[in-house]
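# Observations on the model geometry
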Amino acid sequence: MRRVARWVAMVSIGVIAAGAPSLAADQTPAKQLFGAADLPSSLDAQAYGFYSKGCLAGGVALPVDGPRWQAMRLSRNRRWGHPQLIDTIRQLSEDAARHDGWPGLLVGDMSQPRGGPMLTGHASHQVGLDADIWLTPMPDRRLTGQDRETISAISVLKPGSVDIDPKVWTYAHAGLIMRAASYPQVQRVLVHPAIKKQLCETWRGDRKNLNKVRPYYGHYYHMHVRIRCPDNSKACRAQNAVPADDGCGEPLDWWFNVALKPKKPAKPSTKPAKPRHIMMSDLPSVCRAVLAAAAPASASAATRDSGADASAFAPVETVTTPYSMPALIPLPKPRPAVQ
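Structure report, in brief. (Residues numbered from 1 in each chain as written. Predicted model: local features only at pLDDT ≥ 70, side-chain atom pairs only at ≥ 80, totals over all residues. Heavy atoms only, no water.)

### Some thoughts on the state of the cysteines
Under the definition given, this model contains 3 disulfides. A sulfur-sulfur distance of 1.9 Å marks the disulfide that ties C200 to C248. Between C200 and C248, the S-S torsion sits near -85 degrees, and that sign places the bridge as left-handed. Of this pair, C200 sits in helix α6 (residues 193-202) while C248 sits in the loop between β11 (222-227) and α7 (250-259), and the two are 48 residues apart along the sequence. The exposure class of C248 is partly exposed, given its relative accessible area of 22%. In the protein chain, the bonded cysteines, numbered by position in the sequence, are linked as 1-6, 2-5, 3-4. (Disulfide = S-S within 2.5 Å. Helix = DSSP H or I, 4+ residues; strand = E, 2+ residues; numbered from the N terminus. Buried < 20%, exposed > 50% of the residue type's maximum accessible area, 1.4 Å probe, protein only.)

Now the structure itself:
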């Protein structure tokens, strides 16, 4: 019923199964069009456009469960990505469990089946190259469908502060983040400025990839992993390279001295303008074809699952590795939290 309702919605706003979106679609916010597609296109895997203004062809769904990961918020239908992103998540889940003491990944939002702007939330995540990884370790049990909708990720900050909470933060958190940053295909990892500061002050492993860990608003309960444009996605627009320095100096200080300082509420002078929606005409023209393409004939209910009880799926291996960093990375002595 859900798929039929979405198909009706697509027809009503101008998306037709056998051709490109009609001219009426150009007058419809792109998020409505892409949000109505619950299955990927049958086209070859390609990322088109920029991370915050593009679409995804040939999207692949991250399985609901893997040996060392579980997908969260299934009802959002946002566990789709380019095959290279899927491979990166699999690689990170294995490496972090084997080397960093992180028992498994809880994977949050990735992209919609055909990418594009989302009905709610992210400005990016549009080309299948972004994934939110919770900074909460995977439990040693299979989460139910309800669990995946209601369990909240745990902040690594002290309540009401911009300081790391030593009761939550572990060296395994640091290892997970730096492990992701170490992959050559990863372009940057977004985290809260307090996390970046913690890594700058305490990380004693290889620091050459610390510049990939970038401070940004939010991101205190998850990290945002972004991979580079795949070689075969010639129409994917790359993001600017990260600076060569480790990012632990003045740029980081700015976050605490300026960006995160409490601000006095401004007195409203005029009625705020409504934000402009991204329209189809704002996206690469090929995104029209991505929307219009048929879904793969092999698509199944399990592949497009968006809320079934996870207990319906085959059992998977669970990992109960204790939280400890590998011996090859010298650990600093515990230090008091910065006040």
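More follows now that the structure is in view.
### Focus on the nonpolar core
Soluble globular proteins tend to pack their nonpolar side chains together in the buried interior. Within the largest apolar cluster, 50 residues are counted, with the highest numbers of intra-cluster contacts made by L105, I177, I195, L199 and M223. Dropping the residues within four chain positions of it, I195 is found in contact with L135, V156, I164, W169, I177, H219 and Y220. Counting residues in each nonpolar core, the second largest holds 11 residues, with M280, L283, C287 and V290 among its members. (Core = buried A, V, L, I, M, F, W, Y, C linked by side-chain atoms within 4.5 Å. Contact = heavy atoms within 4.5 Å.)

### Digging into the pairing of strand β8 (residues 130-134)
Along β8, 5 of the 5 residues are buried, which leaves the element largely enclosed by surrounding structure. Judged from the 5 bridges that link them, β8 and β11 form a sheet pairing that is antiparallel. By the bridge assignment for β11, W134 is matched with H222. (Pairing = 2+ DSSP bridges.)

### Overview of unusual backbone geometry
Look at H125: it is not a glycine, yet its phi comes out positive at around 60 degrees. With respect to the element layout, H125 can be found in the loop between β7 (105-107) and β8. Unlike most non-glycine residues, H219 shows phi in positive territory, near 55 degrees. Here H219 lies in the loop between β10 (213-215) and β11.

### Observations regarding the pattern of salt bridges
A side chain with one charge may pair with a side chain of the opposite charge, provided their charged atoms come close. In this structure the tally under the stated criterion is 10 salt bridges. With a shortest N-O distance of 3.6 Å, E94 and R98 are connected by a salt bridge. Placement of the pair is E94 and R98 together in helix α3 (residues 83-99), with a separation of 4 residues, close to one helical turn. By relative accessible area, R98 is classed as exposed at 54%. For R98, the salt bridge identified is with D95, shortest N-O distance 3.9 Å. With R98 and D95 both in helix α3 and 3 residues apart, this pair spans about one turn of that helix. (Salt bridge = Lys/Arg side-chain N within 4 Å of Asp/Glu carboxyl O.)

### Focus on the pairing of strand β1 (residues 46-50)
Looking along a regular strand, one sees the side chains alternate between the two faces of the sheet. Burial analysis of β1 places 5 of its 5 residues in the buried class, which makes it a mostly covered element. As judged from the 5 bridges shared by β1 and strand β2 (residues 53-57), these two strands associate in the antiparallel manner. From the neighbouring strand, A47 faces β2, where its bridge partner is L56. Where β1 hands over to β2, the hairpin turn is made up of 2 residues, counted between the paired strands.

### Things to note about a nonpolar patch on the surface
Together, Y216, Y217, W254 and V258 line one region of the surface with nonpolar side chains, adding up to about 410 Å² of accessible area. Counting through the fold element by element, Y216 comes out in the loop between β10 and β11. (Patch = residues over 30% accessible without salt bridge, like charges linked within 9 Å, V, L, I, M, F, W, Y side chains within 5 Å. Areas by Shrake-Rupley, 256 points an atom, 1.4 Å probe, with all protein chains shown as cover.)

### Section: the packing of aromatic side chains
Evaluated as defined, the whole model comprises 6 aromatic pairs. Pairing F50 with Y51 gives two aromatic rings, centres 5.4 Å apart and planes at 80 degrees, and the pair type is edge-to-face. Just as F50 is buried, Y51 falls in that class too. Relative to W255, the ring of Y217 has its centre 4.8 Å away and its plane inclined at 70 degrees; by these criteria the two rings are edge-to-face. With Y217 in the loop between β10 and β11 and W255 in helix α7, this pair connects stretches of sequence that are 38 residues apart. For Y217, a relative accessible area of 41% corresponds to the partly exposed category. Given a relative accessible area of 8%, W255 falls into the buried group. Through pairs of rings, three or more aromatic residues link up here, namely Y216, Y217, W254 and W255. (Phe/Tyr/Trp six-rings, centres within 6.5 Å; stacked < 30°, edge-to-face > 60°.)

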